[in-house]
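Secondary and tertiary structure notes
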Amino acid sequence: EDSESNTDTAAARAAKLIDEDGIDLMLVGNTPETTNPVGDTCEASGVPCISSLAPWQPWLIGRGGTPGPEASFEWTYHFFWGLEDVIAIFLSMWNQVETNQSVGGLFPNDGDGNAWGDPTVGFPAPLAAAGYTLTDPGRYENLNQDFTAQINAFKDANCELITGVVIPPDFPVFWQQAKQQGFVPKVASIGKALLFPESIQALGDDGIGLTSEVWWSPNHPYSSSLVGLSAKEVADAYTAATGGQWTQPIGFSHALFEVAIAALVAAGSPDKTAVRDAVKTLSVDTIVGPVTWGAADSPSPNLAKTKLVGGQWRQADTPTGYDLIIVDNSGNPDVPTAGTVEPITA
């Protein structure tokens, strides 16, 4: 079912799957706008749900859960990284470049943006602790066509870095307006918008040097527990089948099914309670790396954390002419780097 990236639609489609199709297990991914209403619907209906592809804070806290040793939810379980991981990776990449440590924040008025900009769980406190100054002009609405206010705020603060979690249609608008208005930071580390090579292709040479977190890539040294293919083999197979370039969500979408099959096998049947109980202590090696619930360092029994590295877009011999190379593996030394962060040039 397609949520159409709409919370009401996501909840309605989840209810349809439960009430009309009689599912035993729900899988859901991609942004809090989809994962959260689906999770809430499953929780209310007593159906086990495994989700991914959204940072854990907007998934857990955004649904009224609380980090800690006690489970917040009975039926819903999530695997992904957290804001603490992306913040650490961005800081590590920024520390590779000499800057004035003045950062501009682009945080939209949605689940991700509100979490990333939150003074308690988001970027402000860790950046301040690391000696960086954050300029946050406030929340803007998605599909914004005029970023002049944000650009002026960043120029006034002499920001040499920018960060944020921007939907793919919005970042090209911001970036082109920034360049037209004479604002070119040394480093731009943006979540969400830079996941897809087509976004960089749309920017052309203006996209070279942009950085982002990397959840999964062909360079990750992991293999599928279902089909035995390595990350590179899966990425190559995708390109061969579609003519398209690999993208980060491919790995986690595949891993959702790896986790689901492992949970069903561990449960021994599709009984909903047995499947739920199996997930509570599940540990499986997937194409995105180990996924383990019940780990001592987990923020919640409902969560299994995965690791991040940092990447930078460069020109390459690929279907789009650009590739995301690994430039920081401080969050996961298992993943090899292929260079270091290079400052953006005007």
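Here, the structure is the one placed above.
The notes below deal with the structure included here.

Calculation notes
- Residues numbered from 1 in each chain as written.
- Predicted model: local features only at pLDDT ≥ 70, side-chain atom pairs only at ≥ 80, totals over all residues.
- Heavy atoms only, no water.
- Axes fitted to C-alpha atoms, helices over the stretch in contact; angles between N-to-C directions.
- Helix = DSSP H or I, 4+ residues; strand = E, 2+ residues; numbered from the N terminus.
- Left-handed = near helix turned anticlockwise from the far one by under 90°.
- Contact = heavy atoms within 4.5 Å.
- Core = buried A, V, L, I, M, F, W, Y, C linked by side-chain atoms within 4.5 Å.
- Buried < 20%, exposed > 50% of the residue type's maximum accessible area, 1.4 Å probe, protein only.
- Salt bridge = Lys/Arg side-chain N within 4 Å of Asp/Glu carboxyl O.
- Pairing = 2+ DSSP bridges.
- Parallel < 35°, antiparallel > 145°, perpendicular 65-115°, else oblique.
- Nonpolar A, V, L, I, M, F, W, Y, C, P; charged D, E, K, R; others polar.
- Phe/Tyr/Trp six-rings, centres within 6.5 Å; stacked < 30°, edge-to-face > 60°.

On to the packing of helix 1 (residues 7-19) against helix 2 (residues 32-45). Between helix 1 and helix 2, the least distance of the axes is 8 Å, while the angle of their chain directions is 40 degrees. In this structure, helix 1 meets helix 2 at a crossing whose hand is right-handed. Packed against helix 1, whose contacting residues are Thr7, Ala10, Ala11, Ala14, Ala15 and Ile18, the element helix 2 presents Glu33, Thr34, Pro37, Val38, Thr41, Cys42 and Ser45 at the interface.

Below, the discussion takes up the nonpolar core. Counting residues in each nonpolar core, the largest one holds 85 residues, and the members touching the most others are Phe79, Phe171, Phe174, Trp216 and Trp293. When residues in this core are grouped by element, the largest group, nine residues, is from helix 11 (residues 248-267). Membership of the second largest hydrophobic core comes to 11 residues, among which are Ala10, Ile23, Met26 and Cys49.

A complete count under the given rule lists 16 salt bridges for this structure. Between Lys186 and Glu160 there is a salt bridge, with its nearest N and O atoms 3.7 Å apart. With Lys186 in the loop between helix 8 (170-180) and strand 7 (187-192) and Glu160 in the loop between helix 7 (148-156) and strand 6 (161-166), this pair connects stretches of sequence that are 26 residues apart. We note a salt bridge from Lys280 to Asp277, for which the minimum N-O separation is 3.5 Å. Note that Lys280 and Asp277 are positioned in helix 12 (residues 272-280) at a spacing of three residues, about one turn of the helix. Taken together, the salt bridges that share partners define one network made up of Glu74, Arg276, Asp277 and Lys280.

Let's shift gears to the pairing of strand 9 (residues 283-286). Of the two faces of strand 9, the one holding Val284 and Thr286 is buried and the one holding Ser283 and Asp285 is not buried anywhere. Pairing of strand 9 with strand 10 (residues 289-292), which is carried by four bridges, proceeds in the antiparallel orientation. Bridge pairing in strand 10 links Val284 to Val291. Hairpin geometry of strand 9 and strand 10 is characterised by an intervening segment of two residues between the two adjacent antiparallel strands.

For the pair helix 11 and helix 12, the least separation of the axes is 8 Å and the interaxial angle reads 115 degrees. Considering the angle they form, helix 11 stands roughly perpendicular to helix 12. The element helix 11 and its partner helix 12 pack so that their crossing is right-handed. Taking contact as the criterion, the partners of Ala263, Leu264, Ala266 and Ala267 in helix 11 are, on helix 12, Ala274, Val275, Ala278 and Val279. The residue inventory of the contact of helix 11 with helix 12, partitioned by class, reads eight nonpolar, no polar and no charged.

Going through the model one piece at a time under the given rule, you end up with 22 aromatic pairs. Ring geometry for Phe80 versus Phe252: centroids 5.0 Å apart, planes at 75 degrees, classification edge-to-face. Of this pair, Phe80 sits in strand 3 (residues 76-80) while Phe252 sits in helix 11, placing them 172 residues apart in sequence. Overall, the relative accessible area of 2% leaves Phe80 in the buried class.

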